[in-house]
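Chain and residue survey
Each chain is listed here by its residues.
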Protein chains: 4
Amino acid sequence: MLTELLRATRAHSLALAAPLSDEDAQLQSMADASPTKWHLAHTTWFFETLVLLPHLPDYCVFDERWPRLFNSYYESLGPRHARPQRGLLSRPSLDEVKAYRRHVDAALADLLPHAGDDARRLIELGCHHEQQHQELLLTDILHAFSCNPLLPAYDVSTPLKAVAPDQAWLKHAGGIVDIGHGGSGFAFDNEGPRHQALLAPFEISNRLVTCGEYEDFIDAGGYREPLLWLSDGWAAVQAQGWQRPAYWLEDGSVFGLHGVQPLDADAPVMQLSFYEACAFAEWAGARLPTEFEWEAACGLPGFALAADQAWQWTRSSYAPYPGFKPAAGAVGEYNGKFMVGQQVLRGGSLATPLGHARPSYRNFFPPAARWQFSGVRLAR
Amino acid sequence: MLTELLRATRAHSLALAAPLSDEDAQLQSMADASPTKWHLAHTTWFFETLVLLPHLPDYCVFDERWPRLFNSYYESLGPRHARPQRGLLSRPSLDEVKAYRRHVDAALADLLPHAGDDARRLIELGCHHEQQHQELLLTDILHAFSCNPLLPAYDVSTPLKAVAPDQAWLKHAGGIVDIGHGGSGFAFDNEGPRHQALLAPFEISNRLVTCGEYEDFIDAGGYREPLLWLSDGWAAVQAQGWQRPAYWLEDGSVFGLHGVQPLDADAPVMQLSFYEACAFAEWAGARLPTEFEWEAACGLPGFALAADQAWQWTRSSYAPYPGFKPAAGAVGEYNGKFMVGQQVLRGGSLATPLGHARPSYRNFFPPAARWQFSGVRLAR
Amino acid sequence: MLTELLRATRAHSLALAAPLSDEDAQLQSMADASPTKWHLAHTTWFFETLVLLPHLPDYCVFDERWPRLFNSYYESLGPRHARPQRGLLSRPSLDEVKAYRRHVDAALADLLPHAGDDARRLIELGCHHEQQHQELLLTDILHAFSCNPLLPAYDVSTPLKAVAPDQAWLKHAGGIVDIGHGGSGFAFDNEGPRHQALLAPFEISNRLVTCGEYEDFIDAGGYREPLLWLSDGWAAVQAQGWQRPAYWLEDGSVFGLHGVQPLDADAPVMQLSFYEACAFAEWAGARLPTEFEWEAACGLPGFALAADQAWQWTRSSYAPYPGFKPAAGAVGEYNGKFMVGQQVLRGGSLATPLGHARPSYRNFFPPAARWQFSGVRLAR
Amino acid sequence: MLTELLRATRAHSLALAAPLSDEDAQLQSMADASPTKWHLAHTTWFFETLVLLPHLPDYCVFDERWPRLFNSYYESLGPRHARPQRGLLSRPSLDEVKAYRRHVDAALADLLPHAGDDARRLIELGCHHEQQHQELLLTDILHAFSCNPLLPAYDVSTPLKAVAPDQAWLKHAGGIVDIGHGGSGFAFDNEGPRHQALLAPFEISNRLVTCGEYEDFIDAGGYREPLLWLSDGWAAVQAQGWQRPAYWLEDGSVFGLHGVQPLDADAPVMQLSFYEACAFAEWAGARLPTEFEWEAACGLPGFALAADQAWQWTRSSYAPYPGFKPAAGAVGEYNGKFMVGQQVLRGGSLATPLGHARPSYRNFFPPAARWQFSGVRLAR
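One numbering rule holds for all chains: residues counted from 1, following each sequence as written. Chain letters start at A and ligand numbers start at 1, both assigned in the order the entries are written. The predicted nature of this model means local features are confined to residues of pLDDT at least 70 and side-chain atom pairs, given and counted, to a pLDDT of 80 or more, with totals for whole chains, interfaces and linings taken over all residues. Side-chain descriptors were evaluated using all non-hydrogen atoms of the structure, hydrogens and water having been removed beforehand.

1. A few points about the overall build of chain A
Scanning chain A for helices and strands turns up 9 helices and 10 strands. Against the compact-globule benchmark of 21 Å for 380 residues, chain A has a radius of gyration of 21 Å, which places it among compact chains. Buried means the residue's accessible area, taken with a 1.4 Å probe over protein chains only, is under 20% of the maximum for its type, while exposed means over 50%, and partly exposed covers the values in between. Residue burial in chain A is summarised as follows: out of 380 residues, 58% are buried. We call two residues in contact when some of their heavy atoms are within 4.5 Å. Contacts spanning at least 24 positions in sequence make up 80% of the contacts within chain A whose residues lie at least 6 apart. Note that accessible areas follow from Shrake-Rupley with a 1.4 Å probe, and for residues the cover is restricted to the protein chains shown. For chain A, the accessible area works out to roughly 14800 Å², and carbon and sulfur atoms hold 54% of it. When charges are counted, Lys and Arg are positive and Asp and Glu negative, with His and the chain ends excluded. Where a charge lies is defined by one atom per residue type, namely NZ (Lys), CZ (Arg), CG (Asp) and CD (Glu). Each charge class in chain A was averaged separately, 30 positive and 43 negative side chains, and the resulting centres sit 3 Å apart. Secondary structure elements are taken from DSSP: a helix is a run of H or I of four residues or more, a strand is a run of E of two residues or more, and numbering for both begins at the N terminus. Only the C-alpha atoms count toward the radius of gyration. The rule for a globule is 2.2 Å times the residue count to the power 0.38.

Written out as structure tokens, the structure reads:
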């Protein structure tokens, strides 16, 4: 089971990189995004550093100079190459990084039959960690391609036309609900401890806001009316000149993984910041759900998770659950230290690997972030 | 009653400005702070624009050119002088601003006997608004003085030595609690609607962290250990070179309203960012309370509000309460539009006017802010 | 003679400050400009530090804490208050700075009868230094006032209408000419050594470009045609959104020391950057003169110096003359260390004190500077 | 002759790129530098746009979308991809750019036999233009490699040990000298018109300053003594933390095209800014030569041009020669528009293609530039 998860996860990363040239795989278009090659190497470094070195006797580090290149943000694991300069690493080459992956995969295969519980837990964590980077790999290469005037397509196939169900308000009676991961499967530390919360009655939409609905907001002057916006949001609109979602082009078409395509009015709107999500909700006479409302409602009949469409901004900032304690050591530098200045998103997206997300899953990004597959579900 | 509140409030602003020269009153040391003169004028503009113009027939605006100078951030009330340039308004002079105050005060006196409920509610709001600016007037002039190598004292009297009670953990049993403003007195819109929340059992400190305790944190290397810090906090420590609270000097003394004074180990530590508050709590094996815990605990026997000492950072981001709706029109641009990117502080401070704060009062600042009288109360 | 120069110079600074309030005198609207109060204090510090301390036995420094506040850029004279924060010095007050001036003036009066040649030379230098600051005092307060939406007038009198002579090209035959200060009177070190230079024949305009002529350039699309501009100039046009000279208002009027006035077509155009001066010249089928051409031509019959109108950008960068050596010690940190990245201006301006400029005088500013009284004389 | 120049030039660019991977060829480490792939494409675009389109009937543009990608700064030739984003062009691939080169080379071969004088002059210009980019290709890839902690070597061969001749001062008697390109061969427009200049007598060093001599300057505290520096230079030292030349490592070794090598005391010091060159000269009791002195002296017996070592900063800013007029049209946007804010360098460097430089050649860079092979020759 773990063997299969590991095999499939490692293979999927390579599959995602397959349509890309060596040059594509090196692109870093902003400090917040990383090159494909770096994602491939960093996820490998994670296994090497947190699994193999402590648990596989005689494991030999692939290259002593690389940990500094591929450590992301673990202060406890030594100095790191500056994040905004990841795109300057033409060496090691993509081929060398693939050799690194094979080296580490082979060592993991050696370890697996003898791995104790600790090691197995870390391998499982490494798989879920790599799945997170699989999503980022896609969002990051899409952002990089969006900076090339040729607007290349990551996937040259033709996308299917979306079908949006009729919008409906689902009622939740409120009361005391259970929040957080409960079952026995894997979850990240930030999904727990499971605890109770008290909700007032509320309604939530069965589906995401569509591109067609968002066009109405634009046509109604949504980007020109300050009273619809949070103060920071309006400042961003003016400073960045926002007039539409991040990858909507001036001519009415939309850029995405399939390249430039006609706007699909029934598809969920994506590439929205939290600010835009809030302004849209205000304009629509509604609001964003809290992350607890979202989690409590997601089992309601008719609720389309949309976990293969777009992450859904919530009105909740990313904060620790009552009793939350990060794990000791480097592994603890994973989720807890980012618990300020970010908003929680729930659901999943077309870029999320199958089986990665859960109803208790807490994704998080700063409120101005627009390069994710992030959309809106309304509540009231 | 309202008459007296208005009189006292308007008089207190002038009293706070009394120790300052015309030159002092014009200082703006950063975009986030405003000159004393501007505070005196802006609070007056608030009454002129939101009370007198709609409610006093034949009211004559003092100077047609000034509303644009003294509107703070009300998008619905027209264009504004750029915030970072408030310190460049040598004209109007402080004397002219005082004449503006007298003009508006006289008109308010004319209005009061005939004021209907709406007008009276707006006058009350104007008083509480002005009280908020009284606190900012002090924090802002203190920041400005801290930028002058002569480190002038706002108040030349000698401060009293602090006495800190022994630290004790107060127990709260958790359960469903009422949150938000309940009584009939004045409260800001963001303190409501009153609603219920569910709390897990917790303990909270009877008093604030002292300067002496914070010195221990510094001496133990708190500013050099990244694992104690939130990621954004550690980035701030490194980018800004933080090594101690904002107004602690290298020689061990502390700058404040009384000028440079010896560090008082029993006094509450202040001028901390949220990041520092969190890092201290982590180091101390504790955490910050949520704003709901704070509010639920503040009536516990032994709980020192410390509302005349320092605001207390909470672990809660500033967000709308369930069912919150800002008022319609310009008055609604008051609290709601800032509900992202900020942390809630509770309590009050030595700079808060008497009678201004309440247990349900929600102050808020960005997590990096250090120029307020902001301290730490621990929970666990 | 020196006594009279000193008296008149010191008195003139105060006269220039007379129309300003304490608040006006503290304004600093950008890092490149300084408050009036600072100019008054810095010129006094110059006498105190470079004249009185070395030459008047038992001279007592007015305030030990002030030299650090009022040293401008003399690395050899100790640490300095950061330049962009000069506007934050509400203390010392303007009154205290005036007392400082009286203290230093009295000491200079004590010294003068006994002053040796060295001291007398330094006093003379101090006077010319103060005259330079008199011009800056005016350009800086004008910039500060331009940032106030009320656009206050420094001088409330009505300006005279300009009369521009007919434009004529004056011919110079070229050949070997003498450049640099020659006579026995005072000159700055950068005006020497006097030396010879070889010029090709050229023509130069008898007068400065007028506002009317510059309007034609604007109307012809001068600010929209990149081929007229130096590369750095075009970048500035785009980044800063330049569409007209610095103090020309959108409604066709012009802001200046007399406040807002109608554009005077015959007046010389001013508040131009070097980039604008070059673009205008290119459009006019001409060029800017070199500083040597300017100096060689300024005695030609019909050449209007315009030294009471506007400084004239030259095509020469500010560089040392052959054999130039700055004086030893702090006084040497005066002109030489700025000899890169600046263009030379010649002539003088309406803000230049009478008797301050000379034909050999070399003013210098970075090419993007627009807040000086800087205009254009054409050559070809 | 022209055929051979074209063939050799085009082939040399490819030879310079040969040691680089596709990933290396895409690196852009700062806005001032460009990727190798971009240099290969831009030089090709230059021929396509300025030679083939106007002179080869029926020439078919290789790809209509590319001119916008590979136009550098020619405002008259349409909109351009933003310079700092050249490193984001993973498409077109290096292979596609090579195909572009073949397409254009073939067309140039078609044109050459029938090319008129105009076309031949433009082809010659295109070759010299491409040679300039060959030097930049090397300086830019070196800068990019310097940002990779692995510090890869462009050239894996071992460099020869340098031999520095004894330093000697060569005397020039001054007088009227001829400056600028005179002969019949190719020269850039900025090397003319040839004209006369008057020089005072001076002495100039026979050779460049060595690394050993520069070490003495460092050891003597040169980077800590503000009085040695121009004001802008000292500001750069402090803001950038300069302590040694750009590619000197803390451990005493030096990074270069051959990777990390021991410091060679006899080799000329390189990777200096103009500011450092001036500070060194000041410390050595000398100065930099003007560009006219350099040109007048370069024929003196014993004068080592060092045109295969390092460009030599001069004390001259980059300005037009008397009578200079750029060519009409796009070709004129070549040299003239950069004539402000830059210092002239003379000589040539180890990265300059053979036969490219001349004694009248004027290279130019901003005074803070350090990524070129730029060194110092002293004068006095």
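Now that the structure has been shown, we can carry on.
2. Let's talk about the side chain of S29 of chain C
Along the chain, S29 of chain C falls in the loop between helix 1 (2-17) and helix 2 (36-55). Polar contacts involving the side chain of S29 of chain C include one to the side chain of H143 of chain C, which spans 2.6 Å. Here a polar contact means two N or O atoms within 3.5 Å. Within protein one must be a hydrogen donor candidate and the other an acceptor candidate, and residues neighboring in sequence count only if both atoms are side-chain atoms. A distance of 3.4 Å separates the side chain of S29 of chain C from the backbone nitrogen of A144 of chain C, its partner in a polar contact. In contact with S29 of chain C, not counting residues within four places along its chain, are L88 of chain B together with D140, H143, A144 and C147 of chain C.

3. Section: the relation of the copies chain A and chain D
Superposition of the copies was done by least squares, using only C-alpha atoms of residues whose pLDDT is at least 70 in both. In screw terms, the move from chain A to chain D is a rotation of 180° and a rise of 0.0 Å along the axis, fitting with an RMSD of 0.0 Å. In short, the pair behaves as if placed about a two-fold rotation axis. Within chain A, the C-alpha atom positioned nearest to the axis of rotation is that of E23 of chain A, 2.6 Å from it. Both copies present the same face, since 100% of the interface residues in chain A are matched by interface residues at the equivalent positions in chain D.

4. Quick notes on helix 4 (residues 94-111) of chain D
Residues and elements named next belong to chain D. If you check helix 4, its first and last C-alpha atoms are 26 Å apart, about what 18 residues at 1.5 Å a residue would give, namely 26 Å. Those residues of helix 4 that fall on the buried side of the exposure criterion are L94, V97, Y100, R101, V104, A107, L108 and L111. For helix 4, the angular spread of buried residues about the axis comes to 140°, placing them on one side. Those residues of helix 4 that are exposed and aimed more than 90 degrees away from the buried face are D95 and R102. Where helix 4 is buried, its residues meet helix 1 (2-17), helix 2 (36-55), helix 3 (67-70) and helix 5 (117-146). To estimate the expected span of a helix, subtract one from its residue number and multiply by 1.5 Å. Throughout, the arc means the angular range of directions from the helix axis out to the C-beta atoms.

5. Examining the interface of chain D and chain C
Taken residue by residue, the interface counts 26 residues in chain D and 27 residues in chain C. Here the buried area means the combined drop in accessible surface, using a 1.4 Å probe, for two parts upon being joined, counting both sides. In this assembly, chain D packs against chain C so that about 2100 Å² is buried in total across both faces, 65% of it on carbon and sulfur atoms. The largest share of the area that chain D buries against chain C comes from L198, R315 and V340 of chain D, three residues that together contribute 25% of it. In the sections that follow, a salt bridge refers to a side-chain nitrogen of Lys or Arg positioned within 4 Å of a carboxyl oxygen of Asp or Glu. The tally of links from chain D across to chain C stands at 0 salt bridges. Between the two partners, chain D and chain C, sit 7 residue pairs in polar contact (both at pLDDT 80 or more).

6. A short note on the sheet that holds strand 9 (residues 363-365) of chain A
Residues and elements named next belong to chain A. Reading across from one edge, 9-8-7-10 is the order of the 4 strands in this open sheet, with mixed pairing throughout. Among the strands making up the open sheet, the edge pair consists of strand 9 and strand 10 (374-375). Here, a strand pair is defined by DSSP locating no fewer than two bridges between the strands. Note: strand 7 (residues 311-317) against strand 10, 2 bridges, orientation parallel. Counterpart to W311 in the pairing with strand 10 is S374.

7. Some thoughts on the sheet that holds strand 7 (residues 311-317) of chain D
Residue and element names in this part refer to chain D. Strand order in this open sheet of 4 strands is 9-8-7-10, and the pairing throughout is mixed. Both outer strands of the open sheet, strand 9 (363-365) and strand 10 (374-375), are each paired with one neighbouring strand and no more. Here, axes are lines fitted to C-alpha atoms. For helices the fit covers the stretch in contact, and angles between N-to-C directions go from 0 to 180 degrees. Packed onto the sheet, helix 8 (residues 274-283) meets strand 7 and strand 8 (343-346) and runs at close to 85° relative to strand 7.

8. So, the domain arrangement of chain A
All names here are of chain A. You can read the domains of chain A as domain 1 (2-146) and domain 2 (169-375). Taking only C-alpha atoms, the centre of domain 1 and the centre of domain 2 are 27 Å apart. Between domain 1 and domain 2, the contact holds 27 residues from the first and 25 residues from the second. Buried surface at the junction of domain 1 and domain 2, both sides included, amounts to about 2300 Å², of which 67% is carbon and sulfur. Three residues stand out in domain 1 for area buried against domain 2, namely Y73, E135 and L142, and they jointly supply 27% of the buried area on that side. The tally of links from domain 1 across to domain 2 stands at 0 salt bridges. Viewed at the interface, domain 2 and domain 1 are joined by 13 residue pairs in polar contact (both at pLDDT 80 or more). When contributions to the side of domain 1 that touches domain 2 are tallied by element, the ones reaching two or more residues are helix 2 (36-55) and helix 5 (117-146). Each domain span listed reflects an automatic or database assignment of domains.

9. Topic: the packing of helix 1 of chain C against helix 4 (residues 94-111) of chain C
All names here are of chain C. Where helix 1 meets helix 4, the axes come as close as 12 Å, and the angle between the chain directions of the two elements is 175°. Viewed along their axes, helix 1 and helix 4 adopt a mutual orientation that is roughly antiparallel. The segment helix 1 lies against helix 4, with L6, R10, S13 and L14 engaging K98, R101, V104, D105 and L108. Gly is put with the polar residues, along with every residue not named as nonpolar or charged; the nonpolar set is Ala, Val, Leu, Ile, Met, Phe, Trp, Tyr, Cys and Pro, and the charged set is Asp, Glu, Lys and Arg. Its residues assigned to classes, the contact of helix 1 with helix 4 shows 4 nonpolar, 1 polar and 4 charged. Roughly parallel covers angles under 35 degrees, roughly antiparallel covers those over 145, roughly perpendicular covers 65 to 115, and oblique covers all other angles.

10. What to know about the interface of chain A and chain D
On the chain D side, the residues contacting the 29 residues of chain A number 29 residues. Summing both sides of the interface, chain A and chain D together bury roughly 2400 Å²; the carbon and sulfur share of this comes to 54%. It is E23, R91 and L150 of chain A that lose the most area in chain A upon contact with chain D, and together they represent 31% of the buried surface on that side. Inspection of the region where chain A meets chain D yields 4 salt bridges. A salt bridge links K37 of chain D to E23 of chain A; the shortest N-O distance between them is 2.9 Å. Here chain A and chain D share 12 residue pairs in polar contact (both at pLDDT 80 or more) between them. For the side of chain A that touches chain D, the residue count by class is 13 nonpolar, 9 polar and 7 charged.

11. Things to note about the packing of helix 1 of chain C against helix 2 of chain C
Residues and elements named next belong to chain C. For the pair helix 1 and helix 2, interaxial distance at closest approach is 10 Å and the crossing angle is 165°. The angle between the axes of helix 1 and helix 2 places the two elements in the roughly antiparallel class. By crossing handedness, the relation of helix 1 to helix 2 is classed as left-handed. Contacts between helix 1 and helix 2 involve L6, R10, S13 and A17 on the former and, on the latter, T36, L40, T43, T44 and F47. Crossings are sorted by hand: turned counterclockwise from the far helix by less than a right angle, the near helix makes the crossing left-handed, and turned clockwise it makes it right-handed.

12. Focus: the packing of aromatic side chains
In this scheme Phe, Tyr and Trp rings, the latter by its six-membered ring, pair at centre separations within 6.5 Å, and the angle between planes marks the pair as stacked below 30 degrees, edge-to-face above 60, and tilted otherwise. Tallying each qualifying case throughout the model produces 121 aromatic pairs over all chains. Aromatic side chains F188 of chain A and Y361 of chain A sit 6.0 Å apart centroid to centroid with 80° between the ring planes, which places their arrangement in the edge-to-face category. With a gap of 173 residues between them, F188 of chain A in the loop between strand 2 (175-179) and strand 3 (195-199) and Y361 of chain A in the loop between strand 8 (343-346) and strand 9 connect regions that are remote in the sequence. F188 of chain A sits in the buried class, given a relative accessible area of 6%. When the centroid spacing of 5.6 Å and the interplanar angle of 45° are considered together, the rings of Y223 of chain D and W229 of chain D count as tilted. Lysine NZ or arginine CZ positioned within 6 Å of the ring centre and within 35 degrees of the ring normal marks a charge as sitting over the ring. Positioned above the aromatic ring of W242 of chain C is the side chain of R370 of chain C, whose terminal nitrogen or guanidinium carbon lies 4.1 Å from the ring centre.

13. Quick word on the pattern of salt bridges
The final tally for this structure, using the stated rule, is 84 salt bridges over all chains. For E75 of chain B, the salt bridge is made with R80 of chain B, and the minimal N-O distance between the two is 3.1 Å. For E130 of chain D, the salt bridge goes to R10 of chain D, with nearest N and O atoms at 2.9 Å. Placement of the pair is E130 of chain D in helix 5 and R10 of chain D in helix 1, with a sequence separation of 120 residues. Of the two residues, E130 of chain D and R10 of chain D, neither departs from the other in class, the shared state being buried.

14. Considering the environment of R102 of chain A
On the secondary structure map, R102 of chain A appears in helix 4 (residues 94-111). Along the primary structure R102 of chain A and T44 of chain A are separated by 58 residues, whereas in three dimensions their C-alpha atoms are 9.4 Å apart.

15. Regarding helix 2 of chain D
Residue and element names in this part refer to chain D. Under the 1.5 Å per step criterion, the end-to-end length of helix 2 is 28 Å for 20 residues, consistent within 8% with the ideal 28 Å. Values of bend correspond, residue by residue, to the angle between axes fitted over the seven residues ending at that residue and the seven starting there. Maximum bend of helix 2: about 30°, positioned at E48. Along helix 2, 17 of the 20 residues are buried, which leaves the element largely enclosed by surrounding structure.

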